[in-house]
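Structural characterization, general
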Amino acid sequence: MQAFFWFALTFMLIILFGGMPTNRLSGTFLIITIIIAAVVAFITRRLEKNLIAIGDTHMTHYSIAIDGPSGSGKSTLAKLLAGRLGFLYLDTGAIYRAVGLYVHRAGADLTDEAAVEALLPRLQKISFGHEGGTQRVFLGDVDVSDDIRLPEVSLYASQVAGHASVRAFLLDMQREFARTESVVMDGRDIGTVVLPDASLKVFLTATPERRAERRYQELKGRGVEEDYAQVLADIKARDERDMNRDVSPLRQADDAVVLDTTDLDLDASLEALARLAAERLHI
Ligand code: DC
């Protein structure tokens, strides 16, 4: 569209002001005018693209926010997308899971906000590392990557995530990751609260049944035996809690792109995401 604009403008200017009036409509004159207009349109478009690229790389970091309910494929897709783009990946659900695990191990009632809040100053540093291509999560020096994926920890995470004090405590930590690096961050409130100015916001969704099926297969793959009906019931209960809590409920940001993965496999979902990123970030 912009190229056509530059072409039309150059063409009109040459026709109006170029050459002698008698020459203006001759065949040769028209052909030369069209060629000049095409060259101008091409060069201008290239210059515009280069200027956007220079601005993006030197002045800003990209941030991609991926939100959605549990089992929509957020974590897997966000990780793959980050790997493809060379961005840092941050699984914010893992942070809430680590806090839930910590509070549970400290013996506090997870539904009691005052008791949970009192423990926060003693929470060890939550950090991420890599081992053999997989992301590891540490609470202090202890690798809790496997423990935080246990089904009961999903409940603990969801419970602590409902407390305003916990969310406020974790907000800066999450923003800090995006301050100096390009990131893909997935969670529930990334596009609405954590990174409201994200370069691209995606809301990933799928039916509860499809999400339960994926979670069931994932647990099975890790040797955790769970009943499908129970996994589905847990997913629905968690949706209910995540969407109806008072603070930062799970909801789609107004400017988010919705991607429904019910009928998409992993590859098709990743391609759709990569296309969105390429369009929005000009990369
Ligand atoms: O994505 P997940 O299943 O690992 O998330 C665990 C819990 O943490 C989930 O119940 C919702 C909560 N969570 C949240 O409230 N906000 C986030 N940004 C990420 C997760």
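Up top you'll find the structure we're talking about.
All residue numbers refer to positions counted from 1 along the written sequence of the respective chain. Only residues with pLDDT of 70 or above have their local features reported here, since the model is predicted, and side-chain atom pairs are shown and tallied only from 80 upward, although totals for entire chains, interfaces and linings are computed over all residues. Hydrogens and water molecules were not included; the side-chain quantities draw on all heavy atoms of the structure.

Another point: the packing of aromatic side chains. We call Phe, Tyr and Trp rings a pair once their centres come within 6.5 Å, taking the six-membered ring for Trp, and we label the pair stacked below 30 degrees between planes, edge-to-face above 60, and tilted otherwise. A complete count under the given rule lists three aromatic pairs for this structure. For the ring pair Tyr 62 and Phe 87, a centre distance of 5.9 Å and an interplane angle of 15° mean the geometry is stacked. Of the two residues, Tyr 62 is situated in the loop between α2 (27–59) and β1 (63–67) and Phe 87 in the loop between α3 (74–85) and β2 (88–91); the sequence distance between them amounts to 25 residues. Accessibility expressed as a relative area gives 12% for Tyr 62, which makes it buried. Centroid distance Tyr 216 to Tyr 228: 6.2 Å. Interplanar angle 85°. Geometry classified as edge-to-face. Of this pair, Tyr 216 sits in helix α9 (residues 208–221) while Tyr 228 sits in helix α10 (residues 228–244), placing them 12 residues apart in sequence. Looking at Tyr 216, the relative accessible area reads 21%, which means it is partly exposed. Numbered from the N terminus, helices here are DSSP runs of H or I no shorter than four residues, and strands are runs of E no shorter than two. In this scheme, a residue with accessible area under 20% of its type's maximum is buried, one over 50% is exposed, and one in between is partly exposed, where area comes from a 1.4 Å probe on protein chains only.

One turn of the α-helix equals 3.6 residues, which is why residues spaced by three or four share an orientation. With 14 residues, helix α4 (residues 92–105) ought to run about 20 Å at 1.5 Å a step, and its terminal C-alpha atoms sit 20 Å apart, in line with that. Taken across its 14 residues, α4 has 12 buried, putting it largely inside the fold. With a side-chain oxygen positioned 3.1 Å from the backbone nitrogen of Gly 93, the residue opening α4 is Asp 91. Positive phi shows up at Gly 107, right after α4, with a value of about 80°. Here the expected length of a helix is defined as 1.5 Å per residue gap, with one fewer gap than residues. We define a polar contact as two N or O atoms separated by no more than 3.5 Å, with the added condition that, inside protein, one atom must be a possible hydrogen donor and the other a possible acceptor, whereas residues neighbouring each other in sequence contribute only through side-chain atom pairs.

With that out of the way, let us pick up the packing of α3 against helix α11 (residues 266–281). Two numbers describe how α3 lies on α11: the axes approach to 10 Å, and their chain directions differ by 55°. Classified by the angle between their axes, α3 and α11 sit oblique to one another. In the crossing of α3 with α11, the sense of the turn from one axis to the other is right-handed. Where α3 abuts α11, its residues Thr 76, Leu 77, Leu 80, Leu 81, Arg 84 and Leu 85 lie against Leu 266, Ser 269, Leu 270, Glu 271, Leu 273, Ala 274 and Ala 277. Throughout, the ten residues Ala, Val, Leu, Ile, Met, Phe, Trp, Tyr, Cys and Pro are labelled nonpolar, Asp, Glu, Lys and Arg are labelled charged, and all others, Gly among them, are labelled polar. Per-class residue counts for the contact of α3 with α11 are nine nonpolar, two polar and two charged. Axes, fitted as lines to C-alpha atoms, cover a helix only where it is in contact. Angles between the N-to-C directions of the axes lie from 0 to 180 degrees. Each angle is binned into one of four classes, with values under 35 degrees roughly parallel, values over 145 roughly antiparallel, values of 65 to 115 roughly perpendicular, and all other values oblique. Crossing handedness is defined as follows: a turn of the near helix away from the far one that is anticlockwise and smaller than a right angle gives a left-handed crossing, while the clockwise case is right-handed. Note on definitions: a residue-residue contact is assigned when non-hydrogen atoms from the two residues lie within 4.5 Å.

As a general point, the strands of a sheet are linked pairwise by backbone hydrogen bonds and lie either parallel or antiparallel. Strand pairing is assigned whenever DSSP detects at least two bridges linking the two strands. The strand order β2-β6-β1-β7-β8 describes an open sheet built from five strands, whose pairing is parallel. Sheet topology places β2 and β8 (257–260) at the edges, where each strand pairs with a single neighbour. Looking at each pair of strands side by side, their axes are set apart by 20° on average, direction ignored. Across the sheet, α4 is in contact with β2 and β6 (183–187); its angle to β2 comes to roughly 40°. Along the sheet, helix α7 (residues 164–180) makes contact with β2 and β6, crossing β6 at roughly 155°.

So, on to the site of the ligand. In the region of the ligand, 17 residues are neighbours, and Arg 97, Arg 167, Arg 188, Asp 189 and Arg 245 sit closest. In this structure, Asp 189 approaches the ligand through a side-chain N or O atom, which is 3.0 Å from a nitrogen atom. Expressed as a share of its isolated accessible area of 450 Å², the protein-covered part of the ligand is 98%. Breaking the shell around the ligand down by element, the ones donating at least two residues are α4, α6 (151–161) and α10. If one sorts the elements of the shell around the ligand by residue count, α4 sits on top with four residues. Counted by class, the shell around the ligand contains four nonpolar, four polar and nine charged residues. Residues are classed as near a molecule or strand on a simple rule: at least one heavy atom within 4 Å of it. Surface accessibility follows the Shrake-Rupley procedure with a 1.4 Å probe radius. Residue values consider only the protein chains on display as shielding.

For a regular strand, the rule is simple: side chains alternate between the two faces of the sheet. Most of β1 is tucked away: five of the five residues are buried. Neither face of β1 is exposed, since Ser 63, Ala 65 and Asp 67 on one face and Ile 64 and Ile 66 on the opposite face are all buried. Relative to β6, β1 is paired through five bridges, and the arrangement is parallel. Among the inter-strand pairings, Ala 65 is bridged to a residue of β6, identified as Met 185. Looking at chain direction, β1 and strand β7 (residues 200–205) are connected through four bridges and run parallel. Note on β7: the bridge partner recorded for Ala 65 is Lys 201.

Attention now moves to the pattern of salt bridges. Two side chains carrying opposite charge are able to pair once their charged atoms lie near each other. Just to be clear on terms, a salt bridge is a Lys or Arg side-chain nitrogen sitting within 4 Å of an Asp or Glu carboxyl oxygen. Counted according to the given criterion, the structure contains 14 salt bridges. Residue Arg 188 pairs with Asp 242 through a salt bridge whose shortest N-O separation is 3.3 Å. Highlighted residues: Arg 188 in the loop between β6 and α8 (190–194) and Asp 242 in helix α10, separated in sequence by 54 residues. Between Arg 215 and Glu 218 there is a salt bridge, with its nearest N and O atoms 3.3 Å apart. Within this pair, Arg 215 and its partner Glu 218 are both found in helix α9, separated by three residues, close to a single helical turn.

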